[in-house]
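Structural features, examined
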Amino acid sequence: MAALARAVVLKVFQRPGVRRWMERHGMALGAGRFVAGETAGDALRVAAGLLAAGRRVSLTHLGEYTSDAAAARAAADTYVDLLAAARSRALEVGLSIKLTQLGLDLDLDVCLENTRRVLDAAAGAGALVEIDMEDSARVDATLAVFQRLAPEYPFLGVCLQAYLHRTPDDIQRLAPLRPRIRLVKGAYAEPPSVALQDRAAVTRRYLELARRLMDAGCFLAAASHDGALLREVLGEARRRGLGPDRYEVQMLRGINPSLQEGLVAAGEPVRVLVVYGREWYPWFVRRLAERPANVGMLLRNLVSPAARRRGP
Ligand SMILES: Cc1cc2nc3c(=O)[nH]c(=O)nc-3n(C[C@H](O)[C@H](O)[C@H](O)COP(=O)(O)OP(=O)(O)OC[C@H]3O[C@@H](n4cnc5c(N)ncnc54)[C@H](O)[C@@H]3O)c2cc1C
């Protein structure tokens, strides 16, 4: 049922007419809850507030599925400039990058070259970098890039999606590298042949994979807003005597902030992912699709200017 709702929301909001309308009005109608703004300055302002409140922060400049080499190169430049701007403000931030923005669909070497440029800048700034995981058709290529670069850049991590049937095997293959893994439930519409469809099954699989990653000596970034699941994962970390050098919780800015605050107050390491940029729409639609109640929020804001002013 959850997978069906997700597929419907993705389909409706990807229609060209809906997209055009939403790109004009969506920020005011609720996307601003999730997206820091369109500029690096917006993202760094939000990052500064979160760092001052005891969070770790990673930044994403939104954009994906680039089909133009110049645009892929420009995306890498943006990250290099972002790290320089963060450094000049003494803000310690990490990055979360999408390989299709850096040319994965164009040519593997183009993508490797652009990603290396970002990683060299990150090495200079002492910033960690994580590679997002995109739709299932890109998993092989994404992991190939990660496996090529991880030995050269030990601060590099990659995201794995608990809903994919293949992920247990991927973990077994990657474990000898002792990598930094961000574990998520998975945000794309995937068919039953590729991914678990049932929410409860995905949550059970997540916990099982989190245990496996901890036991294999990987750094676990447990990325979720599911409080019950995170409590179980943190309990497993405690039972294994792991410290904040071996795990952290990750959440998206704008989702479940009270859970975030509670975890920080309890002394848990929490990283918040802050996204920004003009190409916010496809990312925002995935946030709508993973919680269709957010579509209700959009509609309420549309009919009630007062609700829009108050925010979600
Ligand atoms: C830091 C981070 C990085 C991520 N990177 C990737 C990635 O690279 N690739 C990928 O496929 N997916 C990624 N995701 C998304 C992930 O796959 C899930 O789609 C998303 O986290 C929702 O699942 P959940 O674990 O929060 O659990 P859910 O069971 O979906 O949600 C638990 C609770 O959190 C709240 N919540 C969750 N989502 C929303 C929302 N959109 N709006 C409002 N409330 C919400 C609700 O209260 C919900 O009941 C990332 C998520 C995070 C936190």
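Residues numbered from 1 in each chain as written. Predicted model: local features only at pLDDT ≥ 70, side-chain atom pairs only at ≥ 80, totals over all residues. Heavy atoms only, no water.

Re the overall build of the chain
Per the secondary structure count, the chain includes 13 helices and eight strands. For a compact globule of 312 residues, the expected C-alpha radius of gyration is about 20 Å, and the chain comes in at 19 Å, within 12% of that figure. Once the C-alpha set of the chain is aligned to its principal axes, its extents read approximately 55 × 45 × 40 Å. Relative to its 312 residues, the chain shows a buried fraction of 52%. Pairs at least 24 apart in sequence give 74% of the contacts found in the chain among residues at least 6 apart. (Helix = DSSP H or I, 4+ residues; strand = E, 2+ residues; numbered from the N terminus. Rg over C-alpha atoms; globule rule 2.2 N^0.38 Å. Buried < 20%, exposed > 50% of the residue type's maximum accessible area, 1.4 Å probe, protein only. Contact = heavy atoms within 4.5 Å.)

Quick look at the packing of helix 11 (residues 281-290) against helix 12 (residues 293-303)
At their nearest, the axes of helix 11 and helix 12 sit 5 Å apart, and the two run at 115 degrees to each other. Here helix 11 lies roughly perpendicular to helix 12, going by the angle between them. Packed against helix 11, whose contacting residues are F284, R287 and L288, the element helix 12 presents N294, V295 and L298 at the interface. By residue class, the composition of the contact of helix 11 with helix 12 is four nonpolar, one polar and one charged. (Axes fitted to C-alpha atoms, helices over the stretch in contact; angles between N-to-C directions. Parallel < 35°, antiparallel > 145°, perpendicular 65-115°, else oblique. Nonpolar A, V, L, I, M, F, W, Y, C, P; charged D, E, K, R; others polar.)

Concerning the packing of aromatic side chains
Within the structure shown, the criterion is met by four aromatic pairs. Seen from their ring centres, F34 and F284 are 5.9 Å apart, and the 45 degrees between their planes marks the pair as tilted. Highlighted residues: F34 in the loop between helix 2 (16-29) and helix 3 (40-52) and F284 in helix 11, separated in sequence by 250 residues. By relative accessible area, which is 0% here, F284 ends up buried. Look at Y153 and F155: their rings are 5.9 Å apart centre to centre, the planes differ by 75 degrees, and that puts the pair in the edge-to-face class. Judged by relative accessible area, which is 8%, Y153 ranks as buried. Its relative accessible area of 21% is what places F155 among the partly exposed residues. Positioned over the ring face of W283 is R287, at 4.5 Å from the centre of the ring. (Phe/Tyr/Trp six-rings, centres within 6.5 Å; stacked < 30°, edge-to-face > 60°. Lys NZ or Arg CZ within 6 Å of the ring centre and 35° of its normal.)

Some details on the site of the ligand
M133, G186, S224, E290 and N294 are the nearest of the 27 residues found near the ligand. Take K185: an N or O atom from its side chain is 2.8 Å from an oxygen atom of the ligand. A distance of 2.7 Å separates an oxygen atom of the ligand from a polar atom in the side chain of S224. At the level of elements, strand 4 (156-161), strand 5 (180-184), strand 7 (247-252) and helix 11 are the ones that each hand at least two residues to the shell around the ligand. Sort the elements by how many residues they give to the shell around the ligand and strand 7 lands first, with three residues. Its residues assigned to classes, the shell around the ligand comprises eleven nonpolar, seven polar and nine charged. For the shell around the ligand, the domains that each give at least three residues are domain 1 (1-35 + 287-312) and domain 2 (36-279). (Near = heavy atom within 4 Å. Polar contact = N/O pair within 3.5 Å; in protein donor to acceptor, adjacent residues only side chain to side chain. Domains from an automatic or database assignment.)

A word on the sheet that holds strand 4
Spatially, the eight strands close up into a barrel ordered 1-2-3-4-5-6-7-8, and their pairing is parallel. Averaged over neighbouring strand pairs, the angle between their axes works out to 25 degrees when direction is ignored. With three bridges joining them, strand 2 (residues 94-97) and strand 3 (residues 129-131) adopt parallel strand pairing. Residue I97 lies in a different strand from strand 3, and its bridge partner there is I131. (Pairing = 2+ DSSP bridges.)

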